[in-house]
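Overview (structure and organization)
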Amino acid sequence: MAATALILNATWEHIVLVYTTLLASIMVAVPLAFASLYSRRLASVVMNFANLVQAVPSFAVIAIVVPFLGIGFVPALIAIMLRALLPIIKNTYIGLTNVDPALIDYANGIGLSEWQIQRYIRFPNAYPAMFAGIKFAAILANSIAVLTAFIGSGGLGEIIFQGLIGYNTEKLLLGAIPAILLALFIDLSFTLLEKKLTPGYIKQ
């Protein structure tokens, strides 16, 4: 019973960290990608920064965060966000810009406002790319959330590292298996959600 309670509590902590980080990343990345449509300088800065952070190893990102923010849930969230932002920003920006110019001209010609063009043309066009980026970011967040146990985020990573340090294979698997199952669940759930919300999807 004690082991079950430990796993359930760690799994819940892990899920809260992953999905809170993912939601925060979406709330930051999507507006940045949208604003980048109107400023090439901003687009360049955002993309270059995201690419730079993505090039840094995950452990290094976590290590850099600690001196500035300490340890715990919030520093772990920031560390994961720094890695999760790139796929969301990049895919959203590509989706928003990859629209047939003739379609935009037609929308302007029939009198659609800028907001209507964004809402009915650009965003629907960007959905497949956005979902692909969000799904990748979610899987990435799930894996990095394991590493942030080093800085006190809790979750399944804490059990995994305890198993590694103590050469306890059973404890290692108790943490690793739920983390793997969560990754599979994230991939499946976002794939199903993408099919339901992406324009052109036809229910079988």
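Basis of the calculations
- Residues numbered from 1 in each chain as written.
- Predicted model: local features only at pLDDT ≥ 70, side-chain atom pairs only at ≥ 80, totals over all residues.
- Heavy atoms only, no water.
- Helix = DSSP H or I, 4+ residues; strand = E, 2+ residues; numbered from the N terminus.
- Expected span 1.5 Å × (residues − 1).
- Contact = heavy atoms within 4.5 Å.
- UniProt positions renumbered as here; feature names shortened; annotations may be inferred.
- Buried < 20%, exposed > 50% of the residue type's maximum accessible area, 1.4 Å probe, protein only.

A few words on helix H3 (residues 58–69). Over its 12 residues, H3 extends 16 Å from the first C-alpha to the last, a length consistent with the 16 Å expected when each residue adds 1.5 Å. Contacts from the buried residues of H3 go to helix H2 (40–55), helix H4 (73–97) and helix H6 (114–147). A positive backbone phi angle near 85° is found at Gly-70, which sits one or two residues after H3.

With numbering matched to this structure, UniProt assigns "transmembrane region" (unreviewed entry) to residues 16–38, 58–82, 129–152 and 172–193. Helix makes up 88% of residues 58–82 and strand 0%, with an end-to-end C-alpha separation of 9 Å. The span residues 129–152 is 79% helix and 0% strand, and its two end C-alpha atoms sit 34 Å from each other.

Moving on, we come to the UniProt feature "domain: ABC transmembrane type-1" (unreviewed entry) in the chain. As annotated by UniProt and renumbered to match this structure, "domain: ABC transmembrane type-1" (unreviewed entry) occupies residues 11–194. Each end of residues 11–194 is marked by a C-alpha atom, and these two atoms are 25 Å apart; helix forms 86% of the span and strand 0%.

Turning our attention to the side chain of Asn-142. By secondary structure assignment, the location of Asn-142 is in helix H6. Under the relative-accessibility criterion, Asn-142 is labelled buried at 4%. The contact partners of Asn-142, leaving out residues within four places of it in the chain, are His-14, Val-18, Ala-179, Leu-182, Ala-183 and Ile-186.

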